[in-house]
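Results of the structural survey
In case you want the letters, here they are:
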Amino acid sequence: MEYMAPSLHMWLTFAVIGVAILFYAMDHIPLEITSLGVVSVLLVLFHVMPLTSADGQLLLNTKTLLSGFADPALIAVLALLVMGQGIVQTGALETPAQILVKHGVNYPRTLIFLCLVAVSAISAFLNNTPVVVIFIPIIIMLMDKMDKSPSLVLMPLSFVAILGGMTTLIGSSTNLLVAGVYKVQTGREIGFFEFTVPGLFLAGVGMIYVLFIAPKLLPQKHQNTEQSIRPSGKQFIVQIDLVDGNALIGKSAVAGMFPDLSGMTTRLIKRGRKIFLPPFDDITLREGDSLILATTRRVLTEKIAKTPNLMKGALAVSRGFVEDGTPQATDSQEEAKGLHLAEVIVAPASRLDGRTLEQVGFYLQGGCNIVGIQRRSRMVRTSIEDIRLEAGDVLLIVGNRDQIRRLRNNRDVLLMEWSTSEVPVRTDSWKALGIFTAVVTSASSGILPIAVAATLGAFAMILTGCLNIRQASRAVDRRIFMLIGAALAMGAALEATGGAAYLTHRMLDLFAGASILVILSALFLLVAIFTNVLSNNATAVLFTPIAINLGHRLDLDPMIFVTTVIFAANCSFATPMSYKTNLLVMGPGNYKFSDFMKVGIPLILLLWVAFTVMVPWYYQLP
């Protein structure tokens, strides 16, 4: 598009995009609501103030703004999510993973290295979220075997998955979206392996950092000594309801604290509609009170062992289920025997996602009772029944051995402590692998477009019984659907109003006289910053038109600049919210926001330098 003088439409589009970026970054409003609001505002804006050309032709209409929701790239992304869910549901990747663990468990360091390399390779062809979900418990088990903290490896696990995803066209949704925008504006398709060589170079550099340097920067969360009962490690929100017979009834606060709860932090006491906050002066606990505590699994286990009826009621519920999950009568004297505490992660596309603990009845299918929740290192002062569950949340559960063992078949949660040799092998796994292999082969060879191949693959997953309709529909993430649709709408408005050309012009003015390498390097760094503040998908869609315009203005192949956007938009390392796999490992790794910045920012800078060194050689720039 030729350069257009700034107009009111352009400035209003910039304002809408700016507000959208602000709301996405704040994360106070659900992402899908912000996305829907952006689309609504753009629809109203260009309906009330039509954008027309000099000859009166309408440049932007409702159909154009909403076309992103039917974009082939978006359809391909959603279809690949369904296929990924089929891989997880059938356990197709778990069998080779268990074989790997079975034969290499005596060499945990070597096995961890092989697991990370395998995750990077698999992520080049499969949505990396289910890959990370499968390998999280394996990594935790191996680190426990070495008596080291899983936090040393879980963040690198997420990072290697992201690095592997930047090497092929279907490695991440970001790559597919950029390819979609590129085809719309230039009519040219990006090949399956078109940027694999430079992608492998950057991924290789990143892997060296992630495997050998990143663990030295991560905090050591694990404690080998047991001399202190002070809470350490992962903090859970735990609710104790004081029913008849609970040992805490009648206990009074001393100096604002409860001696019987030493090692735990009492965040609030709920008595009917009345809420008591610390310090708890002159408060005696009564039957019917609910205590909201912050504690660790280790401390809670010690308390239950010393005081068996500490969680009387919650333990009764978990004991009071038979094989099919229906309640049965229990003997109060036996309710605390044979119980175990365990941790599970709410899986992507889980039926628990979006529901409160009150709505799910505080128990999982099979009888385990939910007694605590860890919300991505954020502790909230509210009753846990009011917390709406999200994928990546870590739940503290209690149940007997059989109930916990049955959770290994529950795809709504990921059991954190399991024996790999006992994971059942699904008979449909070969079907899922066959379908996935056929899709990758047909797409990479050019026999079928990716959108067509992925849609057929999703249909085949359902037709062959690898997934049912309900499981497939849960795999379609509404947040991704709304975010991508809104981002494509913003991109269309940015292009039609001349905003992309205007930003390109300003960027060239800023770097007047600079070499092409400097411009590419600056574009990479700018996109890498935005992808950690906004999101990789939205950033890629917004910057692709600018990259294409830069290529045209400099009389170079726009693909050079588009590839720059792909690599930079995949640099989602500095914040936990910038990529879903970062959020998945944040809870199990007990990471803070600052941990991602400490490890992620050097990785981004390293990749920036590596790109700056590589790009003139690979593309033979003048």
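Owing to the predicted nature of the structure, the values given are computational and were not obtained by experimental measurement.

Cut-offs applied
Residues numbered from 1 in each chain as written. Predicted model: local features only at pLDDT ≥ 70, side-chain atom pairs only at ≥ 80, totals over all residues. Heavy atoms only, no water. Helix = DSSP H or I, 4+ residues; strand = E, 2+ residues; numbered from the N terminus. Buried < 20%, exposed > 50% of the residue type's maximum accessible area, 1.4 Å probe, protein only. pLDDT = per-residue confidence, 0-100. Patch = residues over 30% accessible without salt bridge, like charges linked within 9 Å, V, L, I, M, F, W, Y side chains within 5 Å. Areas by Shrake-Rupley, 256 points an atom, 1.4 Å probe, with all protein chains shown as cover. Salt bridge = Lys/Arg side-chain N within 4 Å of Asp/Glu carboxyl O. Pairing = 2+ DSSP bridges. Axes fitted to C-alpha atoms, helices over the stretch in contact; angles between N-to-C directions. Parallel < 35°, antiparallel > 145°, perpendicular 65-115°, else oblique. Left-handed = near helix turned anticlockwise from the far one by under 90°. Contact = heavy atoms within 4.5 Å. Nonpolar A, V, L, I, M, F, W, Y, C, P; charged D, E, K, R; others polar. Phe/Tyr/Trp six-rings, centres within 6.5 Å; stacked < 30°, edge-to-face > 60°.

Some remarks on the environment of Ile-566
Position of Ile-566 relative to the elements: it lies in helix α23 (residues 558–569). Its relative accessible area of 0% is what places Ile-566 among the buried residues.

A few points about the confidence of the model for the chain
On average, residues of the chain score 80 in pLDDT, and 86% of them are at 70 or above. The spread of mean pLDDT over the elements of the chain runs between helix α13 (residues 314–319), the lowest at 46, and helix α10 (residues 196–212), the highest at 95.

What to know about a nonpolar patch on the surface
The grouping of Phe-113, Leu-114, Val-117, Ile-208, Phe-212, Ile-213 and Leu-217 at the surface amounts to a nonpolar patch, some 610 Å² of accessible area in total. Where the nonpolar patch is concerned, the elements lending two or more residues are α6 (108–123) and α10. Looking at which element gives the most residues to the nonpolar patch, the answer is α6, with three residues. Counting through the fold element by element, Val-117 comes out in helix α6.

Description of the pairing of strand β8 (residues 369–374)
Across the six residues that make up β8, a large majority, six, are buried. Judged from the two bridges that link them, strand β3 (residues 236–241) and β8 form a sheet pairing that is antiparallel. Along β8, the bridge assignment pairs Ile-237 with Ile-373. Judged from the five bridges that link them, β8 and strand β9 (residues 394–400) form a sheet pairing that is antiparallel. Bridging across to β9, Gly-372 finds its partner in Leu-396.

A closer look at the packing of helix α4 (residues 72–90) against helix α16 (residues 429–444)
At a closest axis distance of 8 Å, the pairing of α4 and α16 adopts a crossing angle of 155°. Taken together, the axes of α4 and α16 are roughly antiparallel relative to one another. Judged by the sense of rotation from one axis to the other, the crossing of α4 with α16 is left-handed. Contacts between α4 and α16 involve Met-83, Gly-86, Ile-87 and Thr-90 from the first element and Ser-429, Ala-432, Leu-433, Ile-435, Phe-436 and Val-439 from the second. Per-class residue counts for the contact of α4 with α16 are seven nonpolar, three polar and no charged.

Comments concerning the packing of aromatic side chains
All told, the structure shown has 14 aromatic pairs when counted by the stated rule. A ring pair is formed by Trp-11 and Phe-14, whose centres lie 5.6 Å apart and whose planes are at 65°; its orientation type is edge-to-face. Remark: Phe-14 and Trp-11 occur in helix α1 (residues 8–26); sequence separation between them is three residues, near one turn of the helix. Judged by relative accessible area, which is 43%, Trp-11 ranks as partly exposed. By relative accessible area, which is 19% here, Phe-14 ends up buried. Taking 4.9 Å as the distance between ring centres and 90° as the angle between the ring planes, the aromatic pair formed by Tyr-618 and Tyr-619 counts as edge-to-face. Tyr-619 gets classed as partly exposed once you look at its relative accessible area, which sits at 21%.

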